[in-house]
Amino acid sequence: MIKVFLDTNVLVDYLAEREKFFADVLLIVSLAIDKKIKLYVASMSFATASYLMEKHYKNDASTIKLTIAKFLKYANVTVVNRLTIEESITSLIPQLSA
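Residues numbered from 1 in each chain as written. Predicted model: local features only at pLDDT ≥ 70, side-chain atom pairs only at ≥ 80, totals over all residues. Heavy atoms only, no water.

> Outline the packing of aromatic side chains, listing residues and values.
Counted according to the given criterion, the structure contains 4 aromatic pairs. Considering the side-chain rings of Tyr14 and Phe22, the 5.8 Å spacing of their centres and the 20° angle between planes classify their relative orientation as stacked. A relative accessible area of 13% places Tyr14 in the buried class. Centre to centre, the rings of Phe46 and Phe71 are 6.2 Å apart; their planes meet at 55°, and the pair counts as tilted. (Phe/Tyr/Trp six-rings, centres within 6.5 Å; stacked < 30°, edge-to-face > 60°. Buried < 20%, exposed > 50% of the residue type's maximum accessible area, 1.4 Å probe, protein only.)

See below:
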C-alpha cells in the first residue's frame, strides 16, 4: 500500500477547508478513507494546524478538536524524537533536490 505523508500546509488545507486547495487534498483523504493509501502526518503538524485554525481561520477550540478527531480516524501520526532525527541523518536514502 502506498504511504503518503501530508505536510503541515496540506493538513491545514484539509482541516481549515482552504478554498483554493481543499478539493485536491479531499481527493487524497478520500483515498485514505477507502483504504487505498495510508496517510501519515507529523505530530507537530497538529499543533501548528490548531494554532492556524484558531488565529487565522477563527475556529473555536471545540471545533478544532472535533475536526482533528475525525481526521485521526484515517490518518497515522508520526512521532519525531531524537532517535528519528539521528536515523534520518545517517539514512542512505538520497535527498530530493528542488
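> Requested: an account of the packing of helix H1 (residues 8-15) against helix H4 (residues 61-71), with residues and values cited.
It is at 11 Å that the axes of H1 and H4 come closest, and there the two elements cross at 110°. Our classification of the angle between H1 and H4 gives roughly perpendicular. Between H1 and H4 the crossing geometry is right-handed. Note on element contacts: H4 touches H1 through Thr67, Ile68 and Phe71, opposite Leu11, Tyr14 and Leu15. Class assignment of the residues belonging to the contact of H1 with H4 gives a composition of 5 nonpolar, 1 polar and no charged. (Axes fitted to C-alpha atoms, helices over the stretch in contact; angles between N-to-C directions. Helix = DSSP H or I, 4+ residues; strand = E, 2+ residues; numbered from the N terminus. Parallel < 35°, antiparallel > 145°, perpendicular 65-115°, else oblique. Left-handed = near helix turned anticlockwise from the far one by under 90°. Contact = heavy atoms within 4.5 Å. Nonpolar A, V, L, I, M, F, W, Y, C, P; charged D, E, K, R; others polar.)

> Please provide a residue-by-residue account of the pattern of salt bridges, values included.
Under the criterion given, the structure shown has 2 salt bridges. Between Arg18 and Asp13 there is a salt bridge, with the nearest N and O atoms lying 2.5 Å from each other. Judged by its relative accessible area of 8%, Asp13 is buried. Glu86 is the salt-bridge partner of Arg82, the closest N and O atoms lying 2.8 Å from each other. Of this pair, Arg82 and Glu86 both sit in helix H5 (residues 82-90), 4 residues apart, roughly one helical turn. On the basis of relative accessible area, Arg82 is assigned to the exposed category, the value being 66%. (Salt bridge = Lys/Arg side-chain N within 4 Å of Asp/Glu carboxyl O.)

> Give a detailed account of the sheet that holds strand S3 (residues 75-78), specifying residues and quantitative values.
A sheet is described by the order of its strands in space; here 3 strands give the open sequence S1-S2-S3, paired in parallel fashion. The two strands at the open ends of the sheet, each matched to only one other strand, are strand S1 (2-6) and S3. Between one strand axis and the next, the sheet turns by 35° as a mean value, whatever way the strands run. As paired strands, S1 and strand S2 (residues 37-42) are joined by 5 bridges and run parallel to one another. Counterpart to Phe5 in the pairing with S2 is Tyr40. (Pairing = 2+ DSSP bridges.)

Any functional reading would require information that these geometric values do not contain.
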